[in-house]
Amino acid sequence: MNRFERQVILQGFGTAGQGKLQKAKVLVIGAGGLGCPALLYLAAAGVGIIGIADGDIVSVSNLNRQIIYGENDVGKRKAEVASGYLQKKYSDITIESIPEFITSSNALSIIGKYDLVLDGSDNFPTRYIINDACVLLNKPLISGAIYQHEGQVAVLNVVSKNDLSANYRDIYPEPPGADEIPNCDETGVLGALPGIIGAMQAAEAIKVLSGYGTPLINKILFYDLKSPAFYETEIISNPLSKKLIPVDAAAFVQADYSIACSSVNFVNWEQALTMQQKNTGEVMLVDVRESDEQPVPEDFDYINIPFSVLQKEYHQLLLADTLLLFCQSGVRSVRAAQVLKTIFPEKIISSVKGGIMDPMSPIHHQYHET
Amino acid sequence: MKILAFGIVAEKTGAKEFACEDIPDSDSLYLWLRNTYPELRKIKFSIAINRKLAQVNTKIDDGSEVALLPPFSGG
């Protein structure tokens, strides 16, 4: 009798399925609410090599759902604690600790070492980085995510019939825009929800690796804990998906995955112009478009510091205490606000919503004439 | 037709499940939703018609079940 007896005797799994698990290398990204239960089941099932990538440390508020950690782990690195805990439980598998956040710089080299990735990350930029890296590297991706009392799971990017199955961008081609995420405040969650979704991810990973059953390929499953109810839909491939994924490793590293998830303030055009009129000198409107972009505003005072040279030319902003940044559509100005906030943490820095394409923009009429 | 709303979309529509008059296609449905629930203008979500994602403008047969599916990011 060994520790895998009960799954080896399972019809359709057998010693063949177990052998495949023991040879498999799985990377779990995010050792949080989803990652903890997923890791526990992957390790218990005997996945041969498990990598745990997470740059975060354990905090007290994690403990209602991140069930690998206890009170004594607060302040320690999640990847280290989780790998130590699992390695101590099971001597017949190898646990690798990667105490880093996944970025577009390290994603390809880290993911490249594994056969399958389980996404338990907690933000959109990381989710798109992981998806695109898995597509470039042909790695199956078990995606799971939660929002308050709901969760979603999908098995993405599996090679079948010489073709890759649907990826995350077939469901959601582009990340939500900057103004869809007003702040990064954590929302509440019952610990059992990521427990359910994370365990489903582990089950799907085990199915893909061992060939047991039918994985959730080309489908996305939603679970609502409150109702409770399941909903499943078929993913049809999206022609945008291929265009949006970087074509190769070089393009991937260059791609910008950041979206606003910081303390950037927003103002509308009316507020921006009123603030400027009342406070000439201290309030500065800044156009962060490149200097050749049209139309050129004529109806109000502003200065132009293109986003591309912002980190060199910011001295022009030293005298203002409030900066109101605008661009063509309101996306670059959010990124500019993030950059300037690191240079001028004491200044009030806001992004003008919608940029000059916004219908409320005083130069909207010029935009339509050009 | 029947509409199922998920995540933040359900917060904006105020109901997880509701009925509405038949709408001919997915583009018209987007428009109707944006006009009926202005807060949805700011939110990205996908539409599934009878449990298939609609990637381009897709006909909605009378009495269909339509789901409004936003991405989740929590972990």
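About the thresholds
Residues numbered from 1 in each chain as written. Chains lettered and ligands numbered in written order. Predicted model: local features only at pLDDT ≥ 70, side-chain atom pairs only at ≥ 80, totals over all residues. Heavy atoms only, no water. Helix = DSSP H or I, 4+ residues; strand = E, 2+ residues; numbered from the N terminus. Rg over C-alpha atoms; globule rule 2.2 N^0.38 Å. Contact = heavy atoms within 4.5 Å. Areas by Shrake-Rupley, 256 points an atom, 1.4 Å probe, with all protein chains shown as cover. Lys, Arg positive; Asp, Glu negative; His and termini not counted. Charge placed at Lys NZ, Arg CZ, Asp CG, Glu CD. Salt bridge = Lys/Arg side-chain N within 4 Å of Asp/Glu carboxyl O. Buried < 20%, exposed > 50% of the residue type's maximum accessible area, 1.4 Å probe, protein only. Buried area = accessible area lost by both parts, 1.4 Å probe. Polar contact = N/O pair within 3.5 Å; in protein donor to acceptor, adjacent residues only side chain to side chain. Nonpolar A, V, L, I, M, F, W, Y, C, P; charged D, E, K, R; others polar. Axes fitted to C-alpha atoms, helices over the stretch in contact; angles between N-to-C directions. Left-handed = near helix turned anticlockwise from the far one by under 90°. Pairing = 2+ DSSP bridges. Right-handed = clockwise from strand over helix to strand, strands pointing away.

Draft legend 1. Spatial organisation of the overall build of chain B. Across its full length, chain B carries two helices and five strands. Listing every helix and strand of chain B by position from the N terminus yields β-α-β-α-β-β-β. Taking 75 residues into account, the globule formula puts the C-alpha radius of gyration at 11 Å, and chain B, at 12 Å, falls close to it. Here the C-alpha coordinates of chain B stretch approximately 35 × 25 × 20 Å along the principal axes. Taking as baseline every contact in chain B between residues at least 6 positions apart, the subset at least 24 positions apart corresponds to 50%. Carbon together with sulfur atoms contributes 49% to the accessible area of chain B, which is approximately 3600 Å² in total. Placing the 10 positive and 10 negative side-chain charges of chain B at their respective mean positions leaves the two points 8 Å apart.

Draft legend 2. Geometry of the pattern of salt bridges. Summed over all chains, the structure comprises 16 salt bridges over all chains. Ionic pairing is found between arginine 127 of chain A and aspartate 119 of chain A, a salt bridge with its closest N-O pair at 3.4 Å. For the pair arginine 127 of chain A and aspartate 119 of chain A, one class covers both residues: buried. The salt bridge involving lysine 16 of chain B is made with aspartate 224 of chain A; its shortest N-O contact spans 3.7 Å. One end of the pair, lysine 16 of chain B, is in the loop between α1 (7-13) and β2 (17-19); the other, aspartate 224 of chain A, is in strand β9 (residues 219-224), on a second chain. Exposure remark for lysine 16 of chain B: the relative accessible area of 27% places this residue in the partly exposed category. For aspartate 224 of chain A, a relative accessible area of 3% corresponds to the buried category. One network of salt bridges, with partners in common, ties together Glu150 and Asp224 of chain A together with Lys16 of chain B.

Draft legend 3. The arrangement of the interface of chain A and chain B in detail. Listed per partner, the contact involves 37 residues of chain A and 24 residues of chain B. Regarding the contact of chain A and chain B, the summed buried area is about 2600 Å², with carbon and sulfur atoms giving 55% of it. In this assembly, chain A and chain B are joined by two salt bridges. There are 21 residue pairs in polar contact (both at pLDDT 80 or more) connecting chain A and chain B. Counting only elements with at least two residues in the side of chain A that touches chain B, the list comes to α6 (124-137), β5 (141-147), β6 (150-156), α7 (168-171), β9 and β10 (229-234) of chain A. No other element matches β10 of chain A, which puts four residues into the side of chain A that touches chain B. A per-class count over the side of chain A that touches chain B returns 14 nonpolar, 13 polar and 10 charged.

Draft legend 4. How the structure looks around the packing of helix α3 (residues 35-45) of chain A against helix α8 (residues 192-210) of chain A. Residues and elements named next belong to chain A. Orientation of α3 relative to α8, taken along the N-to-C sense of each, is 35°, at an axis distance of 7 Å. Judged by the sense of rotation from one axis to the other, the crossing of α3 with α8 is right-handed. Only Pro194, Gly195, Gly198, Ala199, Ala202, Ala205 and Ile206 of α8 make contact with α3, whose side of the interface consists of Pro37, Ala38, Tyr41, Leu42 and Ala45. The residue makeup of the contact of α3 with α8, split by class, is 10 nonpolar, two polar and no charged.

Draft legend 5. Molecular detail of the pairing of strand β2 (residues 49-53) of chain A. Residues and elements named next belong to chain A. The buried fraction of β2 is high, at four of five residues. Relative to β2, strand β1 (residues 25-29) runs parallel, the two being bridged by five bridges. Looking at β2, one finds that valine 26 is bridged to isoleucine 50. In terms of handedness, the path from β1 via α3 over to β2 forms a crossover that is right-handed. Across five bridges, the pairing between β2 and strand β3 (residues 94-98) is parallel. Counted as the bridge partner of glycine 51 is glutamate 96 from β3. Viewed along the sheet, the connection from β2 through helix α4 (residues 78-89) into β3 turns out right-handed.

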